[in-house]
Amino acid sequence: AVRQLVLEYGVHHVDLNFGCPVRKITARGGGSALPLRPGLFARLVAAAVAGADGQVPVTVKMRVGLTPELSTALQAGRAAEAEGAAAITLHARTADQLYSPPVDWPAVRQLVEAVRIPVIGNGDVYEGADAVRLMAETGCAGVMVGRAALGRPWVFREVAAALQGRPPPPPPSLGEVARVALGHVEAEAAWYRGYDEGQRDSLRRFRKFVPLYLFGFHSAARLQARLLAAESLEQWRAAVYDDAGGSAMYDAGEQFPAAGFRHPRLKGGGADGPRQRMGLPDGWMEEWRGGGGGAEQRGGRDADAGGHFGRASAAGADARCGLDLGLPIELFAGLDGQPGLPWFGSDWPIQSSTWDAHSGAVYFAQGFAVMRLGSDNTVEVVAGELGAVGKADGPGPVARFTCPTCMASDGAGALYLSDRDRIRKLQLPPAWRKGEGRGPSLAAPTAAAGGPADAHAHVEGVVVSTLLLIDVTASIQGLCFLSGCGSGSGDSGTLVYGADSTIYRLPLGGASVTPVLLAGAEGEHEVADGVGSGARFNDIRGLVADGEGYCYCVDYCCDADASDVEDPRPLVLDLGLKPQHCHRPTSNAATPLPRTLPADLGVLLGRQPDGTADVTIVVGGRTFHAHRGLLCARSDYFQQRLGGGFAESSAQQLTLPEAAADAFGVVLRFVYTDAADIPAALAQAVAELADRLLLPELFQQATAVVEASVSPGTVAGLLLWAEARGPAFSELLSRLKAWYLENHEKAMQAAEEQMKLLAAQSPSLFFELMRNTRSQPSKRPRTRW
Ligand SMILES: Cc1cc2nc3c(=O)[nH]c(=O)nc-3n(C[C@H](O)[C@H](O)[C@H](O)COP(=O)(O)O)c2cc1C
């Protein structure tokens, strides 16, 4: 991830956050739970430093510890220094304090004395004088400001002045504060431009900052009400400017209130802030108890004895629950034939396991790879690579994943996987169908079995394509497949996914892969029953379907600020998705697998020519045997040419000139199976053919693959190509333009010649891009380290 941030996104600094106190994060072993695993902590820092490759500094942010009894700062600080961190920021509180007093500045001094790299002090810096005092009392090299900047961003000039020995600049009046807030909300909307229709999400998100900006001003009540109710930036501007000074709405000259300087600006910051109960994963403390951190435990009270956190240990309990779990599973890296998981070790969690009835195997994600657990308890990589991040579509070893989280099987040879900002489709090869007897050998690769070459043979055939690109802010935490609920042709099914506080359905057989909101509302985090957009979710963590049209959803309720114990609530959702043809899972392994129309038609196509085809189609010198009725039923183009009154309708052979045979192979498989595995290299040709053959669903999928594969080196060529294709490609063209604007500098560097070609071949397009590039605000302000 660090390498990607540095090379692909050009970041100037990577700061690893080991200070997050939120219970739902620590309960999963993240944030401030990590320093309690010294080995894992050190490996993470080392990996990040290695990923940065000396090009940008990697720094570490941490708290004093998880609780007062579990102080980790000194040990973690020394480990961070040893692994190459450039600096450490210490928030001088323990995680269970959240943001409550007292702040422990002496802990900053102890860390300064324990390490040689710069330490940045953090905690309760509200004014310039606090920064000066923190540095003087602890010897830290700098300070970090947190809550004081919420609704008060000019605090930094006050701190800078104090550290340079200058008097503090005068604080802003209410009119100035209102204008700063306006600039802030405008910047927020500009940042999310393109993701945020009509700026509504930005305005909604910004509501929490309005009271922070206006805190303590006597004359701001009406202004605050207007800003909270504003539905557009225009209404914001009208409230801030039109009425400023002249009307009675607010007093633009009102002086900054004294109470505004030291207001903690966040719940949990009061004088007697309670400590929150902390959560840790089972067994998390073993390394620490085993000596890794004993030296720093204050008071000798361990976590469980203290009753603050930890669940019952599984040791001694019957973990089998009556199930025969079989022999322990050995993991194999697969692609290189080497046993074990390189450098991630067993710390890399297994995610998103799913049972696939079609191939009779379990699939799961680990690292950046998708693995298959076969019936003989061996595991192999079927797509991606454990340690290689990326977004590429393509055959198994070529495909790359960014953050695979949830997986679902359609039971007919396709897996769906949520991968950060996209839903990916993994098409399993027909030979893997259970009972075909031609499935992959799942025996562990051994020297005798042929090593790497054999391992490659195992995975060929799995093809990964991008089905849908989604808003990156909404990470998918639940995904399930419902058969027989597609909106269009036949039985392609529906994906249902949960993202943050919303649940969407994605019909797979309809006119396009467009998500439809099923329940909840974006940005609205509550727990309330209701119908569709009237229902509210807090933080969706999982979805399963029962095959009867019901989904079960886990909604996580956790208010860290209120120090409540979080509460995962399973909810039952009747999503109105009663499948027409529901295949009940069978518990009897001897029962034949259910057959589906797409699977059977795929087999029929694979058998050609078998004497049943009644038309041949010649494309690029290759002959394809097909069934006239099926072609006509699926495509109006074929209906016109083969099923209508044209002279050629009864012809036995049709020629498609100026088309590529490989691309037509993809098209034909889609016509038969409603499934498309579109390699990036063929995506443009498939999109053109799908447009020509009037197959809008395939067209959408192909253009999504084109979009997913765009890079600085290819964008100019793709822009020219899409522009030349006509109105059907205008949506893709717009998205490519937007992509270009985001990546202008990189494209100019990577593809100067292509950009010159673009300027020569389409001056108007070039001019439009340059004009919009200039008006595009810089999304990543450059900072100096
Ligand atoms: C709303 C909010 C968001 C924060 N997000 C992060 C974060 O993403 N990463 C991080 O290292 N610290 C984060 N912090 C913690 C602050 O950086 C800082 O450590 C903390 O607020 C203590 O400083 P203060 O007493 O000056 O507020 C966040 C704090 C607040 C209030």
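In this text the structure is predicted, and so the values were computed from the model without any measurement.

Enquirer: Lay out the overall build of the protein chain in plain terms, naming residues and giving numbers.
Expert: In terms of regular secondary structure, the protein chain is built from 26 helices and 26 strands. Taken over 785 residues, the protein chain has a buried fraction of 49%. A fraction of 60% describes how many contacts in the protein chain between residues 6 or more apart in sequence connect residues 24 or more apart.

Enquirer: Break down the sheet that holds strand E14 (residues 414–419) for me, citing the residues and quoting the values.
Expert: Strand-to-strand pairing in sheets goes through backbone hydrogen bonds, with the strands running parallel or antiparallel. The strand order E12-E16-E15-E14-E13 describes an open sheet built from five strands, whose pairing is antiparallel. On the outer flanks of this sheet lie strand E12 (394–395) and strand E13 (404–409), each paired with one strand and no other. As paired strands, E13 and E14 are joined by four bridges and run antiparallel to one another. Counterpart to Ala408 in the pairing with E14 is Tyr416. Contacting strand E15 (422–427) and strand E16 (463–469), helix H21 (residues 696–708) runs over the sheet at an angle of about 95° to E16.

Enquirer: Requested: an account of the site of the ligand, with residues and values cited.
Expert: Asn17, Lys61, Asn122, Asp124 and Arg147 are the nearest of the 13 residues found near the ligand. Contact between the ligand and Asn122: an oxygen atom at 2.5 Å from a side-chain N or O atom of the residue. A distance of 3.0 Å separates an oxygen atom of the ligand from a polar backbone atom of Gly146. In isolation the ligand has 610 Å² of accessible area, and contact with the protein removes 68% of it. The residue inventory of the shell around the ligand, partitioned by class, reads four nonpolar, five polar and four charged.

Enquirer: So, the sheet that holds strand E24 (residues 615–619): which residues are in play, and what are the values?
Expert: The three strands are arranged E25-E24-E26 in an open sheet whose pairing can be described as mixed. Edge positions in the open sheet fall to strand E25 (622–626) and strand E26 (653–656), since each of these has one partner strand only. Sheet twist, expressed as the mean angle between neighbouring strand axes with direction ignored, is 25°. In the sheet, E24 pairs with E25 via five bridges, with the strands oriented antiparallel. Within E25, the position partnered with Ile617 by the bridge is Phe624. Each of E24, E25 and E26 is contacted by helix H19 (residues 661–673), which is oriented at about 5° to E25, the strand it contacts most.

Enquirer: Hey, could you go over the packing of aromatic side chains for me, with residue numbers and the actual values?
Expert: If you walk through the whole model with that rule in mind, you get 14 aromatic pairs. Each ring, one from Trp154 and one from Phe256, has its centre 5.9 Å from the other, and the planes form 90°; the classification is edge-to-face. With Trp154 in the loop between strand E6 (142–144) and helix H7 (155–163) and Phe256 in the loop between helix H12 (233–242) and helix H13 (286–292), this pair connects stretches of sequence that are 102 residues apart. Each member of the pair, Trp154 as well as Phe256, is classed as buried.

Enquirer: Quick one: what's the story with unusual backbone geometry, residue by residue and with numbers?
Expert: Omega for the peptide link from Pro101 to Pro102 comes to 0°, which places this bond in the cis form. Between Gln608 and Pro609 the backbone carries a cis peptide bond, its omega angle lying at -5°. Position of Pro609 among the secondary structure elements: in the loop between helix H16 (597–606) and E24. Although it is not a glycine, Leu98 sits at a positive phi angle of roughly 55°. Here Leu98 shows up in the loop between strand E4 (87–94) and helix H5 (105–114). Residue class for Leu98 comes out buried when judged on its relative accessible area of 3%. The phi torsion at Asp124 lies on the positive side, around 65°, for a residue other than glycine. Following the sequence through the fold, Asp124 ends up in the loop between strand E5 (119–122) and helix H6 (128–138).

Enquirer: I'd like to hear about the pattern of salt bridges, residue by residue, with values.
Expert: Applying the stated criterion across every chain yields a total of 25 salt bridges. Residue Asp130 pairs with Arg133 through a salt bridge whose shortest N-O separation is 4.0 Å. Placement of both Asp130 and Arg133 in helix H6 is noted, with a separation of three residues, approximately one turn of the helix. The class of Asp130 is buried, set by a relative accessible area of 5%. When its relative accessible area of 40% is taken as the criterion, Arg133 is described as partly exposed. Between Asp674 and Arg634 there is a salt bridge, with the nearest N and O atoms lying 2.9 Å from each other. In this pair, Asp674 sits in the loop between H19 and helix H20 (683–692) while Arg634 sits in helix H17 (residues 628–634), placing the two residues 40 residues apart along the sequence.

Enquirer: Hey, could you go over the environment of Asp356 for me, with residue numbers and the actual values?
Expert: As for its placement among the helices and strands, Asp356 is situated in strand E8 (residues 350–356). The exposure class of Asp356 is buried, given its relative accessible area of 0%. Between the C-alpha atoms of Asp356 and Ala408, which are 52 residues apart in sequence, the distance is 8.2 Å. In this structure, Asp356 is in contact with Ala361, Tyr363, Ser409, Gly411, Leu415 and Leu428, ignoring residues within four places of it in sequence.

Enquirer: Which residues make up H20, and what are the values?
Expert: Within H20, the full set of buried residues consists of Ala683, Val686, Ala687, Leu689 and Ala690. All buried residues of H20 lie within an arc of 170° about the axis, which places them on one face of the element. Each element contacted by the buried residues of H20 is listed here: E26, H19, H21 and helix H22 (715–724). Of the residues one or two after H20, Leu694 is the one with positive phi, at around 60°.

Enquirer: Residue-level account of the side chain of Gln4, with values.
Expert: Residue placement: Gln4 occurs in helix H1 (residues 2–7). Look past the residues within four positions of Gln4 in its chain and what remains in contact with it is Tyr9, Val389 and Thr402.

Enquirer: Describe the environment of Gly77, listing the residues and the values that go with them.
Expert: Mapping Gly77 onto the fold places it in helix H4 (residues 73–82). Look at Gly77 and you get buried, because its relative accessible area is 0%. Along the backbone, Gly77 and Ala42 are 35 residues apart, and their C-alpha atoms lie at a distance of 9.9 Å. In contact with Gly77, not counting residues within four places along its chain, are Met62, Ile88, Leu111 and Val115.

What counts as what
Residues numbered from 1 in each chain as written. Predicted model: local features only at pLDDT ≥ 70, side-chain atom pairs only at ≥ 80, totals over all residues. Heavy atoms only, no water. Helix = DSSP H or I, 4+ residues; strand = E, 2+ residues; numbered from the N terminus. Buried < 20%, exposed > 50% of the residue type's maximum accessible area, 1.4 Å probe, protein only. Contact = heavy atoms within 4.5 Å. Pairing = 2+ DSSP bridges. Axes fitted to C-alpha atoms, helices over the stretch in contact; angles between N-to-C directions. Near = heavy atom within 4 Å. Polar contact = N/O pair within 3.5 Å; in protein donor to acceptor, adjacent residues only side chain to side chain. Areas by Shrake-Rupley, 256 points an atom, 1.4 Å probe, with all protein chains shown as cover. Nonpolar A, V, L, I, M, F, W, Y, C, P; charged D, E, K, R; others polar. Phe/Tyr/Trp six-rings, centres within 6.5 Å; stacked < 30°, edge-to-face > 60°. Salt bridge = Lys/Arg side-chain N within 4 Å of Asp/Glu carboxyl O. Arc of directions from axis to C-beta.

On their own, these measurements won't tell you what the molecule is for.
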